[in-house]
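# Tertiary structure, described
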Amino acid sequence: MSDAARSRLIPDVDFDAEGKQTGFVRLFHSVHSSAYGFIPIPIVVIKNGAGPTALFVSGNHGDEYEGQVALSNLAKSLDPSQIKGRVIILPMANFPAAMAGRRTSPLDEGNLNRTFPGNPDGTVTQQIAFFIEHVLIPMADVVCDLHSGGSSLMYVPCALIKRVSDAARHAQQVALLQAFGSPLAYVSGGGNGTGTDSTLMGGAERAGKLAVGTELGGSGQVTPAALRIVERGLRNVLVQMGILPRKMRLKGEDTRFLNVGGPDYFVYAPDSGVFEPVVELGDEVRKGQLAGRIHFPETPWAAAVEFQFGREGFVLCKRVPGRTSRGDCLFHLGTDTVLE
Ligand code: CA
């Protein structure tokens, strides 16, 4: 049996049909309140003739909303007559998590983006990962997985690629990132080289597909600026792939490219308490600069714990909630880089 045939999920759209189809991927889930019911994961397929396929995904983490809004808008606005090829839109990939507004699924605590390549006979989240990896990704030429900081983090909105070892594919991904036209973009270290990357982007890399991701903002909200960036970026990815005509390219911004490297780019809470950041998102910081304090208001006479940045860089991401536990990620930095 092929890997795709092992998936238990049943899409009620025909991926080879022409025109726009809307429907659900059925994930049968027998529980006390619904013996024979299914979880309806929404999907839209827009196809016109032969051409490349773009797979656009959001709601991989359910508390990241910018991509869900952008893909809902795209599902309504994109007309089959405008395109050449196919666009597959999966706006609430981890549907139970997205409906609950949570990073992870309330059904099995599954973090979809740590579950790839999934398991066709596993938990709900494992079954979704398997379906995306073995049914959707093989159909795609390019995969966009739209993330943001979720409930606990806020990013300066940006697009990203993972560094891949294949030089030709890296060059194509750099071209896609430039076409995306976001004011900020970064290249992450990429997979661990063993093919065991458990993210959706890792699945795209395993299949040899082009992949672009985002970190659009976060704090469990949608901002007009982030939405403008992602809607323009998705359209320009479709133009870059030849799915939309060149005349539909939207003028992007000059992109500042950052590198996100090893552990010294990240700052973690040294103690549990209330987090006071002393820098803002988008600040430039230097090594040894005070990053923030952890306060202990339950023992108000106790000294706050101060902590510093381990290197210089641009403050790309910060933690949002005040209450913090030791080990929580509080900041991560990026440093300027030139993309080749
Ligand atoms: Ca995320």
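Residues numbered from 1 in each chain as written. Predicted model: local features only at pLDDT ≥ 70, side-chain atom pairs only at ≥ 80, totals over all residues. Heavy atoms only, no water.

Moving on: the side chain of aspartate 63. Inspection of the secondary structure assignment puts aspartate 63 in the loop between β4 (53–57) and α2 (66–77). The side chain of aspartate 63 is buried and forms no salt bridge, while arginine 103, the nearest opposite charge, is found at 5.2 Å. Within polar-contact distance, the side chain of aspartate 63 engages the side chain of serine 151 at 2.6 Å. (Helix = DSSP H or I, 4+ residues; strand = E, 2+ residues; numbered from the N terminus. Buried < 20%, exposed > 50% of the residue type's maximum accessible area, 1.4 Å probe, protein only. Lys, Arg positive; Asp, Glu negative; His and termini not counted. Salt bridge = Lys/Arg side-chain N within 4 Å of Asp/Glu carboxyl O. Polar contact = N/O pair within 3.5 Å; in protein donor to acceptor, adjacent residues only side chain to side chain.)

Turning next to the packing of aromatic side chains. Across all of its chains, the model carries five aromatic pairs by this definition. An aromatic cluster is built from Phe275, Phe307, Phe309 and Phe331, whose rings are joined through pairwise contacts. Looking at arginine 311, its charged tip hangs above the ring of tyrosine 265, at a distance of 4.4 Å from the centre. (Phe/Tyr/Trp six-rings, centres within 6.5 Å; stacked < 30°, edge-to-face > 60°. Lys NZ or Arg CZ within 6 Å of the ring centre and 35° of its normal.)

On to a nonpolar patch on the surface, then. Together, Ile10, Phe24, Phe28 and Phe38 make up a nonpolar patch on the protein surface, roughly 360 Å² of accessible area in all. Its location among the elements puts isoleucine 10 in strand β1 (residues 10–11). Judged by its relative accessible area of 45%, isoleucine 10 falls in the partly exposed class. (Patch = residues over 30% accessible without salt bridge, like charges linked within 9 Å, V, L, I, M, F, W, Y side chains within 5 Å. Areas by Shrake-Rupley, 256 points an atom, 1.4 Å probe, with all protein chains shown as cover.)

With that out of the way, let us pick up the domain arrangement of the chain. Partitioning the chain into domains gives domain 1 (3–260) and domain 2 (266–333). If you average the C-alpha positions of domain 1 and of domain 2, the two centres end up 31 Å apart. Counting residues at the interface gives 14 residues for domain 1 and 15 residues for domain 2. Between domain 1 and domain 2 the total buried area reaches about 1,100 Å² when both faces are included, carbon and sulfur atoms providing 70% of it. Taken together, domain 1 and domain 2 are joined by one salt bridge. The salt bridge partner of arginine 256 is glutamate 284, with a shortest N-O separation of 3.0 Å. Counting the contacts that link domain 1 with domain 2 gives five residue pairs in polar contact (both at pLDDT 80 or more). Within the residue set of the side of domain 1 that touches domain 2, elements represented by two or more residues are β7 (153–155), β9 (184–188) and β11 (256–259). Classifying every residue of the side of domain 1 that touches domain 2 by side-chain character gives nine nonpolar, four polar and one charged. (Domains from an automatic or database assignment. Contact = heavy atoms within 4.5 Å. Buried area = accessible area lost by both parts, 1.4 Å probe. Nonpolar A, V, L, I, M, F, W, Y, C, P; charged D, E, K, R; others polar.)

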